Amino acid sequence: MPQTTTGPDIHVSGILTFIIADMAVFAMLFVGFMVERSAQLEVFNAAAAALNVNFGVFNTLVLVTSGLFMVFAVNAAKMGNAVAFQRWLIAAFIVGLGFGIAKVIEYHGKITNDITMLTNDFYMFYYALTGAHFLHFLGGMAAISVIGFRSLNEPVDGKLLNPIESTGLYWHMVDLLWLVIFPMLYLLRP
Amino acid sequence: MIHTSNKLAVGIWGFLTLATVATAWLAEHLNIAGE
């Protein structure tokens, strides 16, 4: 009997549930940041002014571009084109690596200047938000590696397609979260 | 199943890229901190 589906399949529903729950946690941090910012406007503005906007812009463009390559990879997998899938996945990984490197350089610069979570409440949020996001980024890079290696031995349009789609959706979430974190931390200042 | 065509993805990418650069530029040149 032919099956008709009207919504995402069960595997994709699983990752979508996770994404919504995860984003709800970040949303609480975003609200916390804005409330605290309104209470300490001068401290937050002064601290934000010390951040390098170029790092933020670079990281945003890198993540958005990596997300684009991920769409290409997922679509190639849906068409059963393993070679194109692997190429676009490697492109997404390598471009994504740029985010990790830039973030490490930025953290290093801050820490060597004695700017830590304890400096003030802005930096408490800065490290909490970017740190939690960075862990999500590392998780995404790990997931990309896993599906990449699995695709060497499995057809990409078979059982592997669900993890591929889930990884793609997760990667877009990492991207989307950064699209909120970037303007909130780097651009909200006089 | 969720599907985004390559063409739509390029469109979204272009929009986000332009929006990022434009927003950063505007933030540097205008006071958006709401003081």
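Above this note sits the structure.
Residues numbered from 1 in each chain as written. Chains lettered and ligands numbered in written order. Predicted model: local features only at pLDDT ≥ 70, side-chain atom pairs only at ≥ 80, totals over all residues. Heavy atoms only, no water.

What to know about the layout of surface pockets
Okay, step 1: Considered as a void within the structure, the largest pocket measures approximately 570 Å³ in volume.
Okay, step 2: Lining the largest pocket are 25 residues, and of these Val71, Gly168 and His172 of chain A together with Thr4 and Ile12 of chain B sit closest to its centre.
Okay, step 3: Where the lining of the largest pocket is concerned, the elements lending two or more residues are α1 (10–39), α3 (53–78) and α6 (161–187) of chain A together with α1 (6–29) of chain B.
Okay, step 4: Among the elements that make up the lining of the largest pocket, the one with the highest residue count is α6 of chain A (eight residues).
Okay, step 5: Here the residues of the lining of the largest pocket are counted per class, giving 16 nonpolar, six polar and three charged.
Okay, step 6: The calculated volume of the second largest pocket comes to roughly 180 Å³.
Okay, step 7: In terms of lining, the second largest pocket is formed by Gln86, Leu89, Ile90, Phe93, Ile144, Ser145, Gly148, Phe149, Ser151 and Leu152 of chain A.
Okay, step 8: Elements that contribute at least two residues to the lining of the second largest pocket include exactly α4 (82–112) and α5 (121–150) of chain A. (1 Å grid on protein atoms, 1.4 Å probe; cavity = no way out; pocket = protein on both sides within 12 Å on 5 of 7 lines; lining within 4 Å. Points joined across faces, edges and corners; volume = space filled by probe spheres on them. Helix = DSSP H or I, 4+ residues; strand = E, 2+ residues; numbered from the N terminus. Nonpolar A, V, L, I, M, F, W, Y, C, P; charged D, E, K, R; others polar.)

A word on unusual backbone geometry
Okay, step 1: Even without being a glycine, Asp114 of chain A presents a positive backbone phi close to 60°.
Okay, step 2: If you trace the backbone, Asp114 of chain A turns up in the loop between α4 and α5.

What about the nonpolar core?
Okay, step 1: Phe85, Phe122, Tyr126 and Leu185 of chain A are the most contacted members of the largest nonpolar core, which has 56 residues in total.
Okay, step 2: At the level of elements, α1, α2 (41–49), α3, α4, α5 and α6 of chain A together with α1 of chain B are the ones that each hand at least two residues to this core.
Okay, step 3: It is α6 of chain A that contributes the most residues to this core, 15 residues altogether.
Okay, step 4: Discounting residues that sit within four places of it in the chain, Phe85 of chain A has contacts with Ala73, Ala76, Ala77, Ile147, Ser151, Val156 and Ile164 of chain A. (Core = buried A, V, L, I, M, F, W, Y, C linked by side-chain atoms within 4.5 Å. Buried < 20%, exposed > 50% of the residue type's maximum accessible area, 1.4 Å probe, protein only. Contact = heavy atoms within 4.5 Å.)

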